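A structural walkthrough
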Amino acid sequence: MLYINYIARHMFRHSGMNLAVLLCFSIGAGLLGSLPAFAASTAEKSLNAALVNSHPSVRNIKVEGPSFILNASLNAYINDSIENLVSERISVSNTKHDIHPNTPIIQDNQEGEIDLEGIWIWSFDKLNQHAALVEGKWPVVTYPQSQAEALRPPKIQAAITEDVASTLELQIGDILQARNEYQYVITAIVKINDPSSDVWWHDSSAIFISIEPGLNEDTISAPVFIPPTSMKTYLRGYASEWRYIIDIGMIGSTNAESIEQSLINLKNRLSANKANMSSGLPNLVQEFRRNLSTSQMVLYLLSFQAFLFVIFTLILIANLLVNSSRSELATLSSRGASRFHIVLTYSIQMLILALLAGFIFGPLLSWAGLMSWGWVSGDQIPSHLLQDTWFMSV
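Structural notes, computed from the coordinates. What you are looking at is a predicted structure, and each value in this text was computed from that prediction instead of being measured. (Residues numbered from 1 in each chain as written. Predicted model: local features only at pLDDT ≥ 70, side-chain atom pairs only at ≥ 80, totals over all residues. Heavy atoms only, no water.)

**Notes on the overall build of the protein**
Secondary structure summary: the protein contains 13 helices and 13 strands in total. Buried positions account for 43% of the 394 residues belonging to the protein. Of the contacts formed within the protein by residues at least 6 apart in sequence, a portion of 81% connects residues at least 24 apart. Total accessible area on the protein stands at roughly 21,500 Å², and carbon and sulfur atoms take up 58% of it. (Helix = DSSP H or I, 4+ residues; strand = E, 2+ residues; numbered from the N terminus. Buried < 20%, exposed > 50% of the residue type's maximum accessible area, 1.4 Å probe, protein only. Contact = heavy atoms within 4.5 Å. Areas by Shrake-Rupley, 256 points an atom, 1.4 Å probe, with all protein chains shown as cover.)

Laid out in structure tokens, this is it:
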């Protein structure tokens, strides 16, 4: 107890020197503690830029397979695997039919001609959330009302975009007829809310008239939207897929490794279930982790010089402290104190100062510095101290 009291009195007696030592420790701990967050922020900035500039098929997830495989249980498993990343899921089906060669369009019960060779038939389960009704009413599935109707090719209600309606001069009630005599009755003209949204996968064939170059002549096709139930009821051989729109803000340094592993496991599991997952996210996350490691290494090397300066300053202060304590050291030696006890006394004092700097003042300086840097630069900074920050500070 007397020894502890002596150490406390000694630290108080040399409080000026000890404050200088504490300041140096805190600066060193704060500098090293800020490196993980700074490196993570730099790498995340690069990742966000790569995600924003990438194609929707790269930054999102698409799951393809036969309609009987894309069922509720599979969707539940996918949601459990990547639940926190998904902002929206869209169920999409599509197929293409050639236009009827003799009667491609019926307007006011009159057969007509139209400059069209094909019809892209699409179904989006959330079309009314991503398109606004301009004219008419949303298409619904209809069923034959008599045996005679059941024997004839079906009439399927459909919607078209403003661009298609304007280009082909189509109106509500017009009928597009495919080669197999399936008739698509236009009941709605819609306006796409955001054609650049990831929901559309940057595929203009679902929104605008598409032109496919051919050997002799180009093939012009127009898209129509039908209800998912109509697609399942009347059409065969169509392609089905789920588009999972990813919230890229949920990907960061703290969960990058777990996300990468979850996506790899999910792809393997889907392959075993005869479904195909396509996404560029695993490669982007892997690249992000490499960039994070490189950023950390570069910052550690750059901070080494500053760290050496802190050590040099500590040595100077320690020499001053020893010189100012020569009379005390002589008194302790004359009273029988060994060199070990004298070194232990100063070591305990330095340990106390180091612990204060490593656990309290260093992390606080790191947090304050990072918040200031984030406020000035506008970069996104973690709202809490990373675990590596505490480790590096100590």
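**A short note on the pattern of salt bridges**
Evaluation of the coordinates by the stated rule reveals eight salt bridges. Salt-bridge contacts for E260 lead to R289; the nearest nitrogen and oxygen are separated by 2.8 Å. Highlighted residues: E260 in helix α9 (residues 256-272) and R289 in helix α10 (residues 281-324), separated in sequence by 29 residues. Residue classification places E260 among the buried positions, given a relative accessible area of 8%. (Salt bridge = Lys/Arg side-chain N within 4 Å of Asp/Glu carboxyl O.)

**Observations regarding α9**
Between its first and last C-alpha, α9 extends 25 Å over 17 residues, near the 24 Å set by a 1.5 Å rise per residue. Within the sequence span of α9, burial applies to A256, I259, E260, L263, L266 and L270. Projected down its long axis, α9 shows its buried positions confined to an angular sector of 130°, all on one face. For α9, the exposed residues lying more than 90 degrees away from the buried face are E257 and A272. Downstream of α9 by a residue or two, K274 has a phi angle that is positive, lying close to 70°. (Expected span 1.5 Å × (residues − 1). Arc of directions from axis to C-beta.)

**A look at the packing of helix α4 (residues 72-82) against α9**
Two quantities define a packed helix pair, namely the angle between the helix axes and the distance between the axes. At their nearest, the axes of α4 and α9 sit 10 Å apart, and the two run at 165° to each other. In terms of their interaxial angle, α4 and α9 are classed as roughly antiparallel. In the crossing of α4 with α9, the sense of the turn from one axis to the other is right-handed. Contacts between α4 and α9 involve L74, Y77, I78, S81 and I82 on the former and, on the latter, S262, L263, L266, R269 and L270. Here the residues of the contact of α4 with α9 sort into seven nonpolar, two polar and one charged. (Axes fitted to C-alpha atoms, helices over the stretch in contact; angles between N-to-C directions. Parallel < 35°, antiparallel > 145°, perpendicular 65-115°, else oblique. Left-handed = near helix turned anticlockwise from the far one by under 90°. Nonpolar A, V, L, I, M, F, W, Y, C, P; charged D, E, K, R; others polar.)

**A look at unusual backbone geometry**
In this structure, W201 takes a positive phi of about 60° despite not being glycine. By the element assignment, W201 lies in the loop between β9 (183-192) and β10 (210-212). Phi is positive for H202, close to 55°, though the residue is something other than glycine. Inspection of the secondary structure assignment puts H202 in the loop between β9 and β10. A relative accessible area of 45% places H202 in the partly exposed class.

**Focus on the environment of L116**
Structurally, L116 is set in the loop between β4 (110-112) and β5 (118-124). As a C-alpha pair, L116 and I99 span 17 residues in sequence and 6.9 Å in three-dimensional space.

**Examining the packing of aromatic side chains**
If you walk through the whole model with that rule in mind, you get six aromatic pairs. With 5.8 Å between their ring centres and 25° between their planes, W122 and F124 make a pair best called stacked. Residue classification places W122 among the buried positions, given a relative accessible area of 3%. Residue F124 is classed as buried on the basis of its relative accessible area, which comes to 5%. Ring pairing ties together the aromatic residues W120, W122, F124, W200 and F225, which thus form one cluster. The ring of W242 carries the charged tip of R89 above its face, separated from the ring centre by 4.8 Å. (Phe/Tyr/Trp six-rings, centres within 6.5 Å; stacked < 30°, edge-to-face > 60°. Lys NZ or Arg CZ within 6 Å of the ring centre and 35° of its normal.)

**Re the nonpolar core**
Note on soluble globular proteins: their nonpolar side chains tend to be buried together. Counting 29 residues, the largest nonpolar core has I61, V63, L74, I78, I251 and L270 as the members making the most contacts within it. In contact with I61, other than residues within four places in its own chain, are I82, W201, W242, R243, Y244, I246, L263, M277, S278, S279 and L281. With 27 residues, the next largest nonpolar core counts I114, I189, Y234 and Y238 among its residues. (Core = buried A, V, L, I, M, F, W, Y, C linked by side-chain atoms within 4.5 Å.)

**Observations regarding the side chain of H97**
Its place among the elements puts H97 in strand β2 (residues 86-98). The class of H97 is buried, set by a relative accessible area of 15%. One polar contact links H97 to Y184, side chain to side chain, over a distance of 3.4 Å. If we skip the residues at most four places from it in the chain, H97 touches G118, I119, I121, A178, N180, Y184 and L235. (Polar contact = N/O pair within 3.5 Å; in protein donor to acceptor, adjacent residues only side chain to side chain.)

**Some points on a nonpolar patch on the surface**
Where nonpolar side chains cluster on the molecular surface, the patch consists of I352, L356, I360 and L364 and spans about 310 Å² of accessible area. On the basis of relative accessible area, L356 is assigned to the partly exposed category, the value being 31%. (Patch = residues over 30% accessible without salt bridge, like charges linked within 9 Å, V, L, I, M, F, W, Y side chains within 5 Å.)

**Examining α4**
Buried within α4 we find L74, N75, I78 and I82. Buried residues in α4, looked at end-on, bunch into an arc of 100°, giving them a common side. Structural note: α4 exposes A72, S73 and D80 on the side pointing more than 90 degrees away from its buried face.

**Observations concerning the pairing of β2**
Summarising the sheet, β2 and strand β12 (residues 239-246) pair through eight bridges and their orientation is antiparallel. Bridge pairing in β12 places E88 opposite I245. Direction of pairing for β2 relative to β5: antiparallel, over a ladder of seven bridges. Bridged to K96 within β5 is W120. (Pairing = 2+ DSSP bridges.)

**Describing the environment of K274**
Structurally, the position occupied by K274 is in the loop between α9 and β13 (276-278). Judged by its relative accessible area of 65%, K274 is exposed. Placed 205 residues apart in sequence, K274 and I69 show a C-alpha to C-alpha distance of 7.5 Å. In this structure K274 touches P66 and I69, once residues within four positions along its chain are discounted.

The values are spatial; any link to function lies outside them.
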